[in-house]
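# Inside the fold
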Amino acid sequence: MTAYGSFPGARPRRLRTTPAMRRMVAETRLHPSDLILPAFVREGIAEPVPIQAMPGVVQHTRDTLRKAAVEACEAGVAGIMLFGVPEDAKKDALGTAGTDPEGILQVAIRDVRAEVGDDLVVMSDLCLDEYTDHGHCGVLAADGRVDNDATLERYAEMAQVQADAGVHVVGPSGMMDGQIGVVRDALDTIGKEDVSVLAYTAKYSSAFYGPFREAVGSSLRGDRKTYQQDPANARESLRELALDLEEGADMVMVKPAGPYLDILAEVAASVDVPVAAYQISGEYAMVEAAAEKGWIDREAAIAETLLGIRRAGARMILTYWATEAARRLSAGR
């Protein structure tokens, strides 16, 4: 220490002294356009049905879905990811309601496009699990295994009916090998080259999906460990990433988000396409439950989780708080 100096000479706290100072030097910023709202639309209901495990989230009617899409658009949210919930009587082994042009998801896509046009990116879940009576993401073989290649044929049909309904982006989420290439070819075959493909590149077999099962009225028997990724594995994600990009993915995603920020960061550092992360139902439910108990500051926790996902490298965040968070961001809160 010199006569004219003081210890410590380096004081990082100088850049934390006031809210204005912290805003000025912030390395990561959230914007409403970083957010995408997942939404569920259920067939055959007259009023929205609350999802008990996800306070504040509902299974929409067609009318309330239109309203939710408009609200998201007005808040500055970038997109809406639609999930269809068919009537139980329409579920079967092949998930045929998922490829019916008049199925609930295709109808919902048309509804939302009619309401918001191109002002909101309309995205659709491309998977069979909501529509099968066994709840798996694909067609079952005689021995009960998910038949990868038979499932790809169904995904190609789904992509085409969703594109015909007017979707901007399809999201193949079943983790079948080759799904991105098959979906891309199916879209191009019918002249839908402009429909983008968001690859669920690293979708882990997670305990945090629990509340989602209620949200989509899942009929799942067993588990999805034979096709979703093992939570123990990291390098496997990069192999999946390389395959998805080779097959034509326009965007890639990591799901869940919070427990897999390391995977998200590695994926984001490896690609030059947009990277998304899905903050899933269990992540949402934990914050809401803890906040309801008074154990955490709800708004601060929501903001922190979203900022962490953005800091890890996600340019797009699918979150059930999308509209609420976008409104707060626009208000400077």
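Per chain, the residues get numbers from 1 upward, laid out in the order the sequence is written. Whole-chain, interface and lining totals are the exception, using all residues; otherwise, since this is a predicted model, local features are given only for residues with pLDDT of at least 70 and side-chain atom pairs are given and counted only at 80 or more. Just so you know, side-chain values use all the structure's heavy atoms and leave hydrogens and water out.

### As for the overall build of the chain
Threshold: Put simply, DSSP H or I for four residues or longer makes a helix, DSSP E for two residues or longer makes a strand, and each gets a number counted from the N terminus. Only C-alpha atoms enter the radius of gyration; for comparison, a globular chain is expected to reach 2.2 Å times N to the power 0.38, where N is the number of residues. Throughout this description, buried means an accessible area under 20% of the type-specific maximum (1.4 Å probe, protein chains only), exposed means over 50%, and partly exposed covers the range between. By the convention used here, residues are in contact when the closest approach between their heavy atoms is within 4.5 Å.
For the chain, the count of helices and strands is 11 helices and 10 strands. For the chain, whose C-alpha radius of gyration is 21 Å, the value lies close to the compact-globule estimate of 20 Å for 333 residues. If you line up the chain on its principal axes, its C-alpha atoms span 85 × 45 × 40 Å. In the chain, buried positions account for 50% of the 333 residues. At a minimum sequence separation of 6, the contacts of the chain that also span at least 24 residues come to 75%.

### Looking at the environment of Gly-95
Of note, Gly-95 is situated in the loop between strand 4 (79–85) and helix 3 (104–116). Once the C-alpha coordinates of Gly-95 and Cys-137 are considered, the two residues, 42 residues apart in sequence, prove to be 9.1 Å apart. If we ignore the near neighbours within four places in the chain, the residues touching Gly-95 are Leu-128, Tyr-131, Thr-132 and Arg-154.

### Quick look at the environment of Ala-331
Tracing the sequence through the fold places Ala-331 in the segment after helix 11 (322–330). In this structure Ala-331 comes out as exposed when scored by relative accessible area, which is 51%. On a C-alpha basis, the gap between Ala-331 and Val-195 in space is 33 Å, while along the polypeptide they are 136 residues apart.

### What about the pairing of strand 5 (residues 121–126)?
In plain terms, the rule: Pairing between two strands requires that DSSP report at least two bridges joining them. For crossovers, right-handed means that the path from the first strand over the helix to the second runs clockwise, given strands pointing away from the viewer.
For strand 5, the tally of buried residues reaches 5 of 6 residues, placing the bulk of the element in the interior. Bridge analysis of strand 4 against strand 5 gives 4 bridges, and the strand direction is parallel. Bridging from a neighbouring strand, Leu-82 pairs with Ser-124 of strand 5. Where strand 5 and strand 6 (residues 169–172) come together, 4 bridges link them in parallel fashion. Looking at the pairing, Asp-125 lines up with Gly-171 of strand 6. Crossover handedness for the path strand 5 to helix 4 (residues 148–165) to strand 6: right-handed.

### Concerning the pattern of salt bridges
Worth spelling out the cut-off: Any Lys or Arg side-chain nitrogen found within 4 Å of a carboxyl oxygen on Asp or Glu counts as a salt bridge.
Across all of its chains, the model carries 16 salt bridges by this definition. Between Arg-66 and Asp-63 there is a salt bridge, with its nearest N and O atoms 2.4 Å apart. Taken as a pair, Arg-66 and Asp-63 lie in helix 2 (residues 62–75) at a separation of 3 residues, close to a single helical turn. Arg-154 is paired through a salt bridge with Glu-157; the nearest N and O atoms lie 3.3 Å apart.

### Looking at the packing of aromatic side chains
Spelled out, the test is: Note on ring pairs: Phe, Tyr and Trp rings are taken, using the six-membered ring of Trp, and paired if centres are within 6.5 Å. Classes follow the plane angle, with under 30 degrees stacked, over 60 edge-to-face and the rest tilted.
According to the stated counting rule, one finds 6 aromatic pairs in the structure shown. With 5.4 Å between their ring centres and 35 degrees between their planes, Phe-40 and Phe-83 make a pair best called tilted. Here Phe-83 lies in strand 4 and Phe-40 lies in strand 1 (residues 35–42), a separation of 43 residues in the sequence. With relative accessibility at 1%, the residue Phe-83 sits in the buried group. Arranged with centres 5.8 Å apart and planes meeting at 75 degrees, the rings of Tyr-284 and Tyr-320 form a pair that is edge-to-face.

### What about unusual backbone geometry?
Across the junction of Lys-255 and Pro-256, the peptide omega takes the value -5 degrees, indicating a cis bond. You can see Pro-256 is positioned in the loop between strand 8 (251–255) and helix 8 (261–270). Even without glycine at this site, Met-175 takes up a positive phi of about 60 degrees. With respect to the helices and strands, the residue Met-175 is situated in the loop between strand 6 and helix 5 (179–189).

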